[in-house]
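# Architecture at a glance
Given next are the chains, with one letter for each unit.
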There are 2 protein chains.
Amino acid sequence: MAASVVLNAARTSSRIAPETRARILAAAARLRYRPNAAARALADRRMNTLGVAAVVDSGELNLYFLGLFNGILAAAARHGQNTTVFTLFDWEQDAARLPGLCDGRIDGLILIGPVLSREAIRALPDHTPFAALHPNIPIPGSINLESDEETGAYEMVRELIARGHRRILHISGQRGLLGAERRIRGYKRALAAAHIPFDASLLMNAGFSMDEGRRAMSKWLERSIGQPLPHAIFCVNDGCAIGCLEALAEVGLKVPEDVSLAGFDDTLAARTTVPQLTTVRQPLHAMGSRAVETLLARIRHHHGHAAPEIQETIVFPTEIVWRDSVGTPTAAPKMVPAS
Amino acid sequence: MAASVVLNAARTSSRIAPETRARILAAAARLRYRPNAAARALADRRMNTLGVAAVVDSGELNLYFLGLFNGILAAAARHGQNTTVFTLFDWEQDAARLPGLCDGRIDGLILIGPVLSREAIRALPDHTPFAALHPNIPIPGSINLESDEETGAYEMVRELIARGHRRILHISGQRGLLGAERRIRGYKRALAAAHIPFDASLLMNAGFSMDEGRRAMSKWLERSIGQPLPHAIFCVNDGCAIGCLEALAEVGLKVPEDVSLAGFDDTLAARTTVPQLTTVRQPLHAMGSRAVETLLARIRHHHGHAAPEIQETIVFPTEIVWRDSVGTPTAAPKMVPAS
DNA sequence: CTGAAAGCGCTTACAG
DNA sequence: CTGAAAGCGCTTACAG
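What this report covers is the structure whose coordinates are included nearby. (Residues numbered from 1 in each chain as written. Chains lettered and ligands numbered in written order. Predicted model: local features only at pLDDT ≥ 70, side-chain atom pairs only at ≥ 80, totals over all residues. Heavy atoms only, no water.)

## Observations regarding the relation of the copies chain A and chain B
Between chain A and chain B, which share one sequence, the superposing operator has a rotation angle of 180° and an axial displacement of 0.1 Å; the RMSD is 0.1 Å. What we have between these two chains is a two-fold relation. Most of the interface of chain A is mirrored in chain B, where 100% of its interface residues again form contacts. (Least-squares fit on C-alpha atoms with pLDDT ≥ 70 in both. Contact = heavy atoms within 4.5 Å.)

## As for unusual backbone geometry
In the segment running from A:Val255 into A:Pro256, the intervening peptide bond is cis, with an omega of 5°. If you trace the backbone, A:Pro256 turns up in the loop between helix H11 (238-250) and strand S9 (260-265). In the Ramachandran plot, B:Arg45 falls in the positive-phi region, its phi being about 55° despite a non-glycine side chain. Along the chain, B:Arg45 turns up in the loop between helix H3 (37-44) and strand S1 (49-55). (Helix = DSSP H or I, 4+ residues; strand = E, 2+ residues; numbered from the N terminus.)

## Some remarks on a nonpolar patch on the surface
Residues and elements named next belong to chain A. A surface patch of nonpolar side chains, about 380 Å² in accessible area, is lined by Leu7, Leu25, Leu31 and Tyr33. Structurally, the position occupied by Leu25 is in helix H2 (residues 18-30). Look at Leu25 and you get partly exposed, because its relative accessible area is 40%. (Patch = residues over 30% accessible without salt bridge, like charges linked within 9 Å, V, L, I, M, F, W, Y side chains within 5 Å. Areas by Shrake-Rupley, 256 points an atom, 1.4 Å probe, with all protein chains shown as cover. Salt bridge = Lys/Arg side-chain N within 4 Å of Asp/Glu carboxyl O. Buried < 20%, exposed > 50% of the residue type's maximum accessible area, 1.4 Å probe, protein only.)

## Things to note about the sheet that holds strand S10 (residues 278-281) of chain A
Residues and elements named next belong to chain A. Here we have six strands laid out as an open sheet, ordered S7-S6-S8-S9-S10-S12, and mixed in their pairing. Here the strands that pair on one side only, and so sit at the sheet edges, are strand S7 (203-205) and strand S12 (319-321). Neighbour to neighbour, the strand axes of the sheet diverge by 20° on average, direction disregarded. In terms of strand pairing, S10 meets S12 through three bridges, oriented antiparallel. (Pairing = 2+ DSSP bridges. Axes fitted to C-alpha atoms, helices over the stretch in contact; angles between N-to-C directions.)

## A few points about the interface of chain A and chain B
With 40 residues of chain A at the contact, the number on the chain B side is 41 residues. Counting the surface lost from both chain A and chain B, the interface buries some 3,600 Å², and carbon and sulfur atoms represent 63% of this. Area buried by chain A at its contact with chain B is led by A:Asn82, A:Thr272 and A:Val274, which between them contribute 14% of it. Counting across the chain A and chain B interface gives zero salt bridges. When residues of the side of chain A that touches chain B are traced back to their parent elements, those giving at least two are helix H3 (37-44), helix H4 (63-78), strand S2 (82-88), H11 and helix H12 (269-272) of chain A. Here the residues of the side of chain A that touches chain B are counted per class, giving 21 nonpolar, 13 polar and six charged. Two elements, S2(A) and strand S2 (residues 82-88) of chain B, share three bridges in a ladder whose sense is antiparallel. Opposite A:Thr84, over in S2(B), you have B:Thr84 as the bridge partner. (Buried area = accessible area lost by both parts, 1.4 Å probe. Nonpolar A, V, L, I, M, F, W, Y, C, P; charged D, E, K, R; others polar.)

## What to know about the protein's contact with DNA strand D
Neighbouring residues of DNA strand D: 21 residues in total, closest A:Ser4, A:Asn8, A:Asn36, B:Ala17 and B:Thr20. Within 4 Å of the protein, the atoms of DNA strand D are drawn from sugar and phosphate moieties in a proportion of 65%. Separating a phosphate oxygen of DNA strand D from a backbone N or O atom of A:Asn36 is a distance of 2.7 Å. For the surface near DNA strand D, the elements supplying multiple residues, two or more each, are helix H1 (2-8) and H3 of chain A together with H3 of chain B. Ranked by the residues each element gives to the surface near DNA strand D, the list is headed by H3(A), at four residues. (Near = heavy atom within 4 Å. Polar contact = N/O pair within 3.5 Å; in protein donor to acceptor, adjacent residues only side chain to side chain.)

## Points about the pairing of strand S6 (residues 168-172) of chain B
Residue and element names in this part refer to chain B. The buried count for S6 comes to five of five residues, which makes it a mostly enclosed element. Burial of S6 is two-sided: the residues Ile168, His170 and Ser172 facing one way and the residues Leu169 and Ile171 facing the other way are all buried. Both S6 and strand S8 (residues 232-235) contribute to a ladder of four bridges, which runs parallel. Paired with Ile171 across the two strands is Cys235, which belongs to S8. In terms of strand pairing, S6 meets strand S7 (residues 203-205) through three bridges, oriented parallel. Across the sheet, Ser172 pairs through a bridge with Asn205, a residue of S7. Read as a crossover between parallel neighbours, the route from S6 over helix H9 (residues 178-193) to S7 is right-handed. (Right-handed = clockwise from strand over helix to strand, strands pointing away.)

## Some remarks on the sheet that holds S8(B)
Residue and element names in this part refer to chain B. Pairing within the open sheet is mixed, and its six strands lie in the order S7-S6-S8-S9-S10-S12. Only two strands of the sheet have a single neighbouring strand rather than two, namely S7 and strand S12 (319-321). For this sheet the average axis-to-axis angle between neighbouring strands, irrespective of direction, equals 20°. Across the face of the sheet, helix H8 (residues 149-162) comes into contact with S6, S8, strand S9 (260-265), strand S10 (278-281) and S12 while running at roughly 165° to S9.

## Overview of the side chain of B:His170
Residues and elements named next belong to chain B. Relative to the helices and strands, His170 resides in strand S6. On the basis of relative accessible area, His170 is assigned to the buried category, the value being 0%. Of note is the side chain of His170, whose polar atom sits 2.8 Å from the backbone oxygen of Phe234. Setting aside chain neighbours within four positions, we find His170 in contact with Arg183, Ile184, Tyr187, Leu202, Leu203, Met204, Phe234, Cys235 and Val236.

## Section: the environment of A:Arg97
Residues and elements named next belong to chain A. Following the sequence through the fold, Arg97 ends up in the loop between helix H5 (91-94) and helix H6 (98-101). Residues Arg97 and Leu124, spaced 27 residues apart in sequence, show a C-alpha to C-alpha distance of 9.8 Å. Here Arg97 is in contact with Thr87 and Leu88, once residues within four sequence places are set aside.

## Some thoughts on the nonpolar core
Residues A:Ile110, A:Ile112, A:Leu133, B:Ile110, B:Ile112 and B:Leu133 are the most contacted members of the largest nonpolar core, which totals 66 residues. In contact with B:Leu133, other than residues within four places in its own chain, are B:Tyr64, B:Leu68, B:Ile72, B:Ile110, B:Leu111, B:Ile112, B:Gly113, B:Pro114, B:Leu145, B:Met287, B:Gly288 and B:Ala291. (Core = buried A, V, L, I, M, F, W, Y, C linked by side-chain atoms within 4.5 Å.)

## So, the pairing of strand S4 (residues 130-133) of chain B
Residues and elements named next belong to chain B. Judged by which residues are buried, S4 turns out to be covered on both faces: Phe130 and Ala132 on one side and Ala131 and Leu133 on the other are all buried. Relative to S4, strand S3 (residues 108-112) runs parallel, the two being bridged by four bridges. Looking at S4, one finds that Ile112 is bridged to Leu133. Where S4 lies against strand S5 (residues 143-147), three bridges are found, and the strand directions are parallel. Considered in S5, the bridge of Ala132 is made with Asn144.

The analysis is restricted to geometry; functional conclusions fall outside its scope.
Next comes the structure, spelled out in structure tokens:
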């Protein structure tokens, strides 16, 4: 007992005599004593470990994940918490595995971009606090963190228009996904505000990946041979924009000389393209850190500490980052070449 | 006891009567029983968790880490293992923290690119098995996984020469780091094999990051104004190559028209540049998976199972991936423009 | 100031 | 086939 108190600098009532303390410390050093985390967790009902659950699409975690994860790790390290990663293949199919993860090995769980049905949400265990980053539906009882994607999209398109771009192609994410729909709404609102009629042929459904961006762009180009290029292309995220860039390069079209291009997220990739990508920045690092901080507040609450005042939903502002992929439109837009 | 046996399908001698078994299962379902991982770990002396320790340079995990980590996660998932990430700031300074991580919360530890002194290696605890990916010094007693970087560099430079490039600038990593030195050796060997004298002005010391690549390239360009460009530039890794690409773009030089460019690693970034990067592929995903498999074999061994035949050092072959950043050299190389 | 005691939730011999 | 018992390594009242 005395050893436990001394070695943990515990806040129990017990005082240990200096001499005893010294003896304990000496013995610990001599024996190279290391506390056992599992035993401590069992006695404490606390693992000091946070879980992170994310879907690996096409077998790989992506840069969006990496941005959030870096923020999560930084905050976790500040608070002496470990982070364990659970990978899922598919939200719908793996939602059933979530309760099994909350078995005492983690104190709280961060869900990255969860797409859960209302039933799946109802089945979530209530003894473990959750935080959801970009949930497709806000999860009741969980902390929900999102960014103001609609405003981000709105402002990006408004600014493109302000720079003279009028025909703006939007390559969107899967219809029905909240993030995709919000960007579409922002896009449409900005067009309407500038009295530019919405043109359905300038909205391509694609997805959040490079592959989907490439395919969607190629398809659009193929079906538009001989017609004028848009002035600018606004993509649902950076990955999609990079796929787009590839498809344009394949038929010899240059960004931003022939057409301007914008992405969304400001992941690492936006700075590694040539030209660098103009994009709507989501503060991924800050969002990841904040998820950890708020989750830890909840965990302390669960452990009987003072009840923290926690918003259920935290919205982060977005911001436009201007780089070289957006230029000024040429007077006479180039025609789409045959490929 | 019966509950434990039934719920775990345990391999104990005990047989449980079907009726008892049914009663237990029913009760477990009714009570929504979830085993407690900490208690199980304490009794089993096994956490079913692997640790991953990596340095975050400039606050961010990079794509090299992401490549390995994806492989680690995939293999860990296959074996029902969790993965917890420990971030370090600096190997030298944080080596002392390593023993503290081996306190029963993990069964084995994977070190990503460790740069450890012989003393730090000696201080590593011996009750926890290790695997080291790209260790700067092979760690005795640990599984060491590396790729054949020297051959990769040699073949890349040999092939560049075969395509007509003779003046080849090498932007290297920090001198003294094994990975950097091996690439330099490969570079020099390939020059020697083609009877091209080594030119010290064509070797720039930089580092493994985009920033360092950009700075080194800019510096080289500045000091070479009015002189001929190299035919090709071979960078220590993809990140460095991308920095290079930026520095070239800044002064209006185009890849591959004005100069060819090659990287190393084949991270995600190599496919997201325009033009896409020719690079030496290290099988990062496979290396991460293999680290997990061999580490698990060791852990089973530690737990008294059959001794596995494990090589101390596993070397993965590299492979050149041809993309668009390498072209054929022009007859008259461009001169370095004033910036 | 100190230490004997109970308990965290599980597992695995072992004796009936 | 079944269940009482000891033990994993820690923490925290609690009684001296």
